[in-house]
Amino acid sequence: MAELQEVQITEEKPLLPGQTPEAAKTHSVETPYGSVTFTVYGTPKPKRPAIFTYHDVGLNYKSCFQPLFQFGDMQEIIQNFVRVHVDAPGMEEGAPVFPLGYQYPSLDQLADMIPCILQYLNFSTIIGVGVGAGAYILSRYALTGLTSSVAEMILGHLFSQEELSRNSELIQKYRNIITHAPNLENIELYWNSYNNRRDLNFERGGDITLKCPVMLVVGDQAPHEDAVVECNSKLDPTQTSFLKMADSGGQPQLTQPGKLTEAFKYFLQGMGYMASSCMTRLSRSRTASLTSAASIDGNRSRSRTLSQSSESGTLSSGPPGHTMEVSC
């Protein structure tokens, strides 16, 4: 079989006759299911995913993908991406025959090898190109939620899809912090522990509930808004303050620190730790509303709505023991 010859193409100029071919770099990495070999072409491009291929049964990466990636019109594409070509275990050229009785990895286990490759290369995202069995492996990998790196998964946990799609300076900042964290392996362990967490099994009026004052805060665009709303429904309404922040995503302490500070002041005041004279208005530019409901004398209940415009005075918090729902 002829060796794969990929020519080096820069974004500044097209391929020239006689140009030196780009060298391929072959790597092997140990995984929980054995060693896997893959070949890398090109160098990572900033803010671009890697093209990641997986071949079909009876083929290897060269016999499966060589005609495609050496096709003339493909050069315009591959010049803009680093490529990672995976060989299934034992399918790479020159691979020894497995010993008698060797248990070959299942397709699910082959999919589970992919994060080891991405971690080894420190790649954040991929564009998968699979054929036959390779397409199944990449699809299985996608179903696990690992279509991006641990850093990208954590970003999807911290911020909403709307925030990520806008790719604001804040998102870029935290993507850089997490992706290049020197303790990323430790972060991944913490992330795995979070994903294996148990349900708190809160039950309003039951034995398992929080008996202390609680303030729940969630942005109206947060990725886990529904979960926080559900949690609020299971807590003691006489001990819980629920704050849903408008125009805020998954991290209101980063995007709306002023509003959150003000809400925290009211929460502390409700517990008697701050005087009302220390309070400031929730907003000077818009009307904020506060709706509170409380259970009084057993079966009696009442509700009230207080509104404050930019010209009004300080909005005082409800008496301790009231459930507050605040939109601001």
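- Identification of the protein chain as NDRG family member 2 from Propithecus coquereli is taken from an unreviewed UniProt entry.
- In its Sequence similarities (unreviewed entry) section, the UniProt entry covering the protein chain states "Belongs to the NDRG family."

Details of helix 12 (residues 257-270)
Alright, step 1. End to end, helix 12 covers 20 Å across 14 residues, agreeing with the expected 20 Å (1.5 Å per residue, within 8%).
Alright, step 2. All of the buried residues along helix 12 are Lys259, Leu260, Glu262, Ala263, Tyr266, Phe267 and Gln269.
Alright, step 3. Those residues of helix 12 hidden inside the fold are in contact with strand 8 (214-219), strand 9 (240-245) and helix 11 (252-255).
Alright, step 4. Within two residues after helix 12, Gly272 carries a phi angle of roughly 85°, on the positive side.

Brief notes about the pairing of strand 3 (residues 25-31)
If a strand is regular, its side chains alternate between the two faces of the sheet.
Alright, step 1. When strand 3 meets strand 4 (residues 34-41), the two strands line up antiparallel, connected through seven bridges. Among the inter-strand pairings, Val29 is bridged to a residue of strand 4, identified as Val36.
Alright, step 2. Counted along the chain from strand 3 to the antiparallel partner strand 4, the turn is two residues long.

Considerations on the sheet that holds strand 6 (residues 83-87)
Alright, step 1. With mixed pairing, five strands are arranged side by side in an open sheet as 3-4-6-5-7. Only two strands of the sheet have a single partner each, and these edge strands are strand 3 and strand 7 (126-130). Here the strands of the sheet are splayed against their neighbours by 25° on average, with no regard to which way each runs.
Alright, step 2. Helix 1 (residues 61-69) rests against strand 4, strand 5 (50-54), strand 6 and strand 7 of the sheet, and its axis sits at about 150° to strand 6.
Alright, step 3. In this fold helix 5 (residues 133-143) packs onto strand 5 and strand 7, with an angle of close to 145° to the strand it touches most, strand 7.

Describing unusual backbone geometry
Alright, step 1. With a phi close to 60°, Asn122 is a non-glycine residue in the positive phi region.
Alright, step 2. Mapped onto the elements, Asn122 comes out in the loop between helix 4 (114-121) and strand 7.
Alright, step 3. Its identity is not glycine, yet Asn201 carries a phi of approximately 55°, on the positive side.
Alright, step 4. By the element assignment, Asn201 lies in the loop between helix 9 (184-195) and strand 8.
Alright, step 5. Residue Asn201 is classed as partly exposed on the basis of its relative accessible area, which comes to 47%.

Conventions used here
- Residues numbered from 1 in each chain as written.
- Predicted model: local features only at pLDDT ≥ 70, side-chain atom pairs only at ≥ 80, totals over all residues.
- Heavy atoms only, no water.
- UniProt positions renumbered as here; feature names shortened; annotations may be inferred.
- Helix = DSSP H or I, 4+ residues; strand = E, 2+ residues; numbered from the N terminus.
- Expected span 1.5 Å × (residues − 1).
- Buried < 20%, exposed > 50% of the residue type's maximum accessible area, 1.4 Å probe, protein only.
- Contact = heavy atoms within 4.5 Å.
- Pairing = 2+ DSSP bridges.
- Axes fitted to C-alpha atoms, helices over the stretch in contact; angles between N-to-C directions.

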